[in-house]
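The lines below spell out each chain.
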Amino acid sequence: MIDIATTLIHITVMLVMPPLLIGVINKTKAWSAGRQGPPLLQLYYDLLRLFRKDMVLSRTTTWVFRAGPVISVTAVLLAGLLAPFGAFDAPLAFDGDLVLFAYLMGLARFFTASAALDTGSAFEGMGAAREVSFASLAEVALFMAFVVLVRLSGSLSLTPMLHAPMTGAFHGLPAAALLLVGVALFVVLLAENARIPIDDPNTHLELTMIHEVMVLDHSGPLFGLVLYGAAVKLLLFSALLLHFALPFTFGEPLLDWALFAVGLLAVAVAVGVVESAMARLSLRHVPSLLIAASVLCAFGFFFTLA
Amino acid sequence: MTPTIWLDLSVAAIVLTASSGVPGLALGRRSGAAQGLASLLVIVGSLLGALAAVAVLAGAAIETRTLPGPLPELSLHLRLDPLAAFFLVPVYLLGVAGTLYGTRYWKQAEHPENGRGLRLCYGMLIAALAGVVLAADGFAFLMAWELMALSAFFLVTTEDDRAEVQQAGWVYLVAAHAGTLALFALFALLWAVSGTLEFRPMTSSAGTQGATSVLFLLALLGFGLKAGIVPLHFWLPAAHADAPSHVSALLSGVLLKMGIYGLLRIFMLLPAPPPGVGMLMIGIGTVSAVYGVVFALGQHDLKRLLAYHSIENIGIIVMGLGLALIGVSAQQPAWVALGLAGCLLHVWNHALFKALLFLAAGSVIHSAGTREIDRLGGLGKPMARTAALFAIGAVAICGLPPLNGFASELLIYVGLFRVNADGASRLWSAAPLAAPLLAMAGALAVACFVKAYGTVFLGPHRSESAARAHEAPSSMLLAMLLLALPCVAIGLLPALAMPALDRVVLDWIRLDSPPPALSELVPWMPIMGMNAALVGSVLAVLLILRSRSRRRVPAQTVTWDCGYVRPTATMAYTASSFAQLLVGLYGWLLRSRSRDATRTELFPPRQHFHTNVPEQVMDLVLAPLWVSFRRALAPLRALQHGRVQHYLMYVLLTLCTLLALLFPIDELLRRFLGW
């Protein structure tokens, strides 16, 4: 039943495309600010350069520091095998894979934050503390979204669950529930990927960063893995979101893949637009935003009960 | 009479473990031989008991046996069924690990004043735990239960020269006996309703409706106090934190689970509950899970932090139980199987990783001499093995793949989502809302264990004693390894545990249709494949990195602290700072008290900053209640004044009253006066 070609394309897209999304976001931001901006493929060059470089390690660190990025990237990539891309089934789909998806992200978080604490730097401690704190709220929103989707689709696996909007069988309140879930997932995407308004990837003040500050001490290939892992995560969450933003299929694999790729780039543009149009929230307001996302999903759940 | 070989083996195990500390009493205060002998007896006894338990889980027939009791009509019934066998496995495994650990952690030569008593009670506790599980009538159950409570009390108060230990011990004793009181009432009522003290499923008739509700509430009170579900957990953090670490491991790992065992056993006897009961249990479980982890975040004491996590995990276990009960009410065998299996597997898992974490914490305390998280730090270098074992426990307790916590939480999640997917709009439609809260508890557990692991084992040393820390001796490491290996095994190959769970579920369930096998409900094959891929590729990448750094040796330097050349330990983020954001977010619940150090003078002197999170139920409800009770009952104190003559008079008066009550007065009147 496993379609080998689909699986191969899925894995290729997941491995190759992520840095491009970051490039698109940066280009969008530069364009709206009237700048030229870095080349679209900048992150690819950066990664190539980083993997060739030497490493510098802090004397305080232990094996956790080195294992952190490795475990994170692996966990995120494996989670990617569970997420369906566009109209296609995920390479692996089984009952309960949604829990594994979320918990693999949790494993990545555990080791990223531990690696940050391994350096003994106050800045990295701050970043780690913020990451795990906000993630605990983002997790609620994500699982609330899952509850709504499971209820609507009657299925416990990401692939049929996320393909439910594509069937076009939902009208009225259930359709409204799907819309709410889509909005909530966009907030989760921004939070999990450390984008404005939750975190500013371009800030130059360590005191205010979340994700970037956790990896201050990583260098060379380890830093490359960190950047790459972050890009893959962005792609995965965008793919989840696309099931709500573009729930269409042409029935023709080539066109569907093209639609998916264009969709991904559109999400990247949307993230870029948000970043250009908004300032980041102050840290004490971030929880409210994430709780609001959960509340949206809770409304969605009540809609499905009606 | 059918042969009862496995049950006899279990009884032999009880006798061996219970008597393990006795020979030591006759030997010297500093005799290492007594300790060796006691450990040997516990280990041999535990192996025999574990063998019997595994045999029953593997499919041996259920065995029952009647022993003569103290009174003619009170005989003791024992029964070794799959549910009992399932709970026996962690009892014996933790018993062996704890005993092994204790040989170095609580060396007789270093603790001449309490080492012998500790060992006596340790063996006694293991035997009592096994007795509770094997008992098949109310009388035997209560005897074992009381022995368990008392030996645990003496274990908690091992270091009874410390004031906080005395306090923790008394609170524990009061809580334990309040629970026992409820259980006395429970079994008396059960006897009144069903006419026997033996554990036999009640036949549901119209007249027992009210009695069933009372039975349920009494069980919830009595067993809930033992399990430490919120708000009956008030005794737990102090008792578990102030006991020696290998005792904490046993208390947290298996003693709490006896509350869960009791609930499971009682639900086997009661008729099928209405759906509200299952929903109530899910609610209690969710509250406990979130409450436990939030309070754990606020702790500064490593062992108290672990103790609060026990409340969280008991909550998760109770959620599974609630799900199973909803399944019983709704006649959905799949929900029962998933909920019960999640509950039971989490009982095993929590026993394993929590005992592992307590033992690792014990090694830290043994070596660095403090429990204060903020005074530790950087122990990952001198104690690399302990650190790695603690990391295994930490990842497992957060429920993260590829370790065992994930397997049991997955069962509960799948069950909750299944209620969501299968159910029409009914009372239980709200049950799936527990899933996001369970996810939140999981994410908060990640925060809490990143805090604990990161502050204790990573970063710089925060104190002199942390800098002088050394690796734990090999017997202590071996004990931890004994617990870590099953964590990894159940995590990587969860399908191996399913046959045992299937057997318990089949025995517990009382539905018209048999439950589906667990391997049909949760697809373990892809999960095991993912686990293998995860471990394999992480190891592969790490090997590549390692061979690369051999060719191109990484430069070593100081941590980048925005240009500081000599960062010090005081600049590193502390555990309190790490948790501050979340403690603030849950401030409405935690009510953290802090003595702030605001600087007012131009040249401020040395400042101190102090925060603590009070135990809410204890400090805000029970302590004031206690004080007012004492005031109300103060007049009765006049009766107790220390004069022996008066006490003797009380005894005489009581005796006369009792005799007068027993006196056959009507017969007397009839016979002599002819009335």
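Small disclaimer: the values here were computed from a predicted structure and weren't measured.

About the cut-offs
Residues numbered from 1 in each chain as written. Chains lettered and ligands numbered in written order. Predicted model: local features only at pLDDT ≥ 70, side-chain atom pairs only at ≥ 80, totals over all residues. Helix = DSSP H or I, 4+ residues; strand = E, 2+ residues; numbered from the N terminus. Buried ≥ 20, exposed ≤ 12 C-beta atoms within 10 Å, placed from the backbone. Contact = placed C-beta atoms within 7 Å. Rg over C-alpha atoms; globule rule 2.2 N^0.38 Å. Pairing = 2+ DSSP bridges. Axes fitted to C-alpha atoms, helices over the stretch in contact; angles between N-to-C directions. Parallel < 35°, antiparallel > 145°, perpendicular 65-115°, else oblique. Nonpolar A, V, L, I, M, F, W, Y, C, P; charged D, E, K, R; others polar. Domains from an automatic or database assignment. Core = buried A, V, L, I, M, F, W, Y, C linked by C-beta atoms within 7 Å. pLDDT = per-residue confidence, 0-100.

Moving on to the overall build of chain A. Helix and strand content of chain A: twelve helices and one strand. In terms of its C-alpha atoms, chain A occupies a principal-axis envelope of roughly 60 × 45 × 40 Å. Sorting the 306 residues of chain A into buried and exposed places 61% on the buried side. Considering only contacts within chain A whose residues lie at least 6 apart along the sequence, 78% involve residues at least 24 apart.

What follows deals with the overall build of chain B. Summing up its helical and strand segments, chain B has 27 helices and five strands in all. Its C-alpha radius of gyration of 27 Å places chain B within 12% of the 26 Å reference for a compact globule of 675 residues. Here the C-alpha coordinates of chain B stretch approximately 110 × 65 × 55 Å along the principal axes. Taking all 675 residues of chain B together, the buried fraction comes to 54%.

Residue and element names in this part refer to chain B. The sheet contact formed by strand 1 (residues 63-71) and strand 2 (residues 74-80) spans six bridges and is antiparallel. Its bridge partner lying in strand 2, Arg 65 is registered against Leu 78. Hairpin connection, strand 1 to strand 2: the antiparallel pair is bridged by two residues.

To continue, consider unusual backbone geometry. All names here are of chain B. With an omega dihedral of 5 degrees, the bond running from Val 230 to Pro 231 counts as a cis peptide bond. Along the chain, the position of Pro 231 falls in the loop between helix 8 (209-227) and helix 9 (236-242). For Gln 331, which is not glycine, the phi torsion reads 55 degrees and is therefore positive. Its location among the elements puts Gln 331 in the loop between helix 13 (302-330) and helix 14 (333-368).

Moving on, we get to the packing of helix 2 (residues 18-32) of chain A against helix 10 (residues 220-245) of chain A. Residues and elements named next belong to chain A. Between helix 2 and helix 10, the least distance of the axes is 8 Å, while the angle of their chain directions is 85 degrees. Taken together, the axes of helix 2 and helix 10 lie roughly perpendicular to each other. Across the interface between the two elements, Pro 18, Pro 19, Leu 21 and Ile 22 of helix 2 pack against Tyr 228, Ala 231, Val 232, Leu 234, Leu 235 and Ser 238 of helix 10. Looking at side-chain class alone, the contact of helix 2 with helix 10 contains nine nonpolar, one polar and no charged residues.

Within helix 27 (residues 665-673) of chain B, only zero of the nine residues are buried, leaving the element largely exposed. Phi turns positive one or two residues past the end of helix 27 of chain B, at Gly674(B), with a value near 75 degrees.

Residue and element names in this part refer to chain A. Their axes nearest at 7 Å, the elements helix 2 and helix 3 (residues 42-52) cross at an angle of 130 degrees. In this view, helix 2 runs oblique relative to helix 3, as classed from their interaxial angle. From helix 2, Pro 19, Ile 22 and Gly 23 reach across to helix 3, where they touch Gln 42, Leu 43, Tyr 44 and Leu 47. Considering only residue class, the contact of helix 2 with helix 3 consists of five nonpolar, two polar and no charged.

The interface is formed by 66 residues belonging to chain B together with 63 residues belonging to chain A. A per-class count over the side of chain B that touches chain A returns 48 nonpolar, 14 polar and four charged. With three bridges connecting them, strand 1 (residues 56-58) of chain A and strand 3 (residues 555-557) of chain B associate as parallel partners. Bridge pairing in strand 3 of chain B places Ser58(A) opposite Thr557(B).

Before going further, it helps to spend a moment on the domain arrangement of chain B. All names here are of chain B. If you check the domain split of chain B, you get domain 1 (274-540 + 572-585), domain 2 (587-594 + 612-633) and domain 3 (642-675). Just the C-alpha atoms count here: the centres of domain 1 and domain 2 sit 29 Å apart. Of the residues lining the interface, six residues belong to domain 1; the matching set on domain 2 comes to five residues. Mapped onto the side of domain 1 that touches domain 2, the elements with two or more residues apiece are helix 12 (275-297) and helix 23 (575-585).

It is worth spelling out the environment of Asn202(A) at this point. Among the structural elements, Asn202(A) can be located in the loop between helix 8 (173-192) and helix 9 (211-214). Along the chain, Asn202(A) and Asn26(A) lie 176 residues apart, while their C-alpha atoms are 9.9 Å from each other.

A few words now on the environment of Ala178(B). Residue and element names in this part refer to chain B. Relative to the helices and strands, Ala 178 resides in helix 7 (residues 163-194). Under the C-beta neighbour-count criterion, Ala 178 is labelled partly exposed, with 14 such atoms within 10 Å. Once the C-alpha coordinates of Ala 178 and Lys 226 are considered, the two residues, 48 residues apart in sequence, prove to be 9.8 Å apart.

The next thing to look at is the nonpolar core. Burial of nonpolar side chains together is a common tendency in soluble globular proteins. By size, the foremost hydrophobic cluster in this structure holds 364 residues, and its most contacted members are Ala141(A), Leu129(B) and Leu356(B). With 23 residues, helix 14 of chain B is the single largest residue contributor to this core. Here Leu356(B) is in contact with Leu389(B), Gly393(B), Met480(B), Leu483(B), Ala484(B) and Cys487(B), once residues within four sequence places are set aside.

When pLDDT is averaged along chain A, the result is 92, and 99% of the positions lie at 70 or above. The secondary-structure element of chain A with the lowest mean pLDDT is helix 9 of chain A, recorded at 86, while helix 5 (residues 97-118) of chain A shows the highest, at 96.

Of the residues in chain B, 98% have a pLDDT of 70 or more, and the chain-wide mean is 91. Here the predicted complex scores 0.94 on pTM and 0.96 on ipTM.

Residues and elements named next belong to chain B. Along the chain, Glu 464 falls in helix 18 (residues 464-467). Taking the C-beta count within 10 Å as the criterion, Glu 464 has 10 such neighbours and is therefore assigned exposed. Placed 435 residues apart in sequence, Glu 464 and Arg 29 show a C-alpha to C-alpha distance of 33 Å.

Counting buried positions along helix 23 of chain B gives eight out of eleven residues, so the element sits mostly inside the fold. In the core, the buried residues of helix 23 of chain B are packed alongside helix 6 (122-153) and helix 12 (286-305) of chain A together with helix 12, helix 17 (434-457), helix 24 (587-590) and strand 5 (610-612) of chain B.

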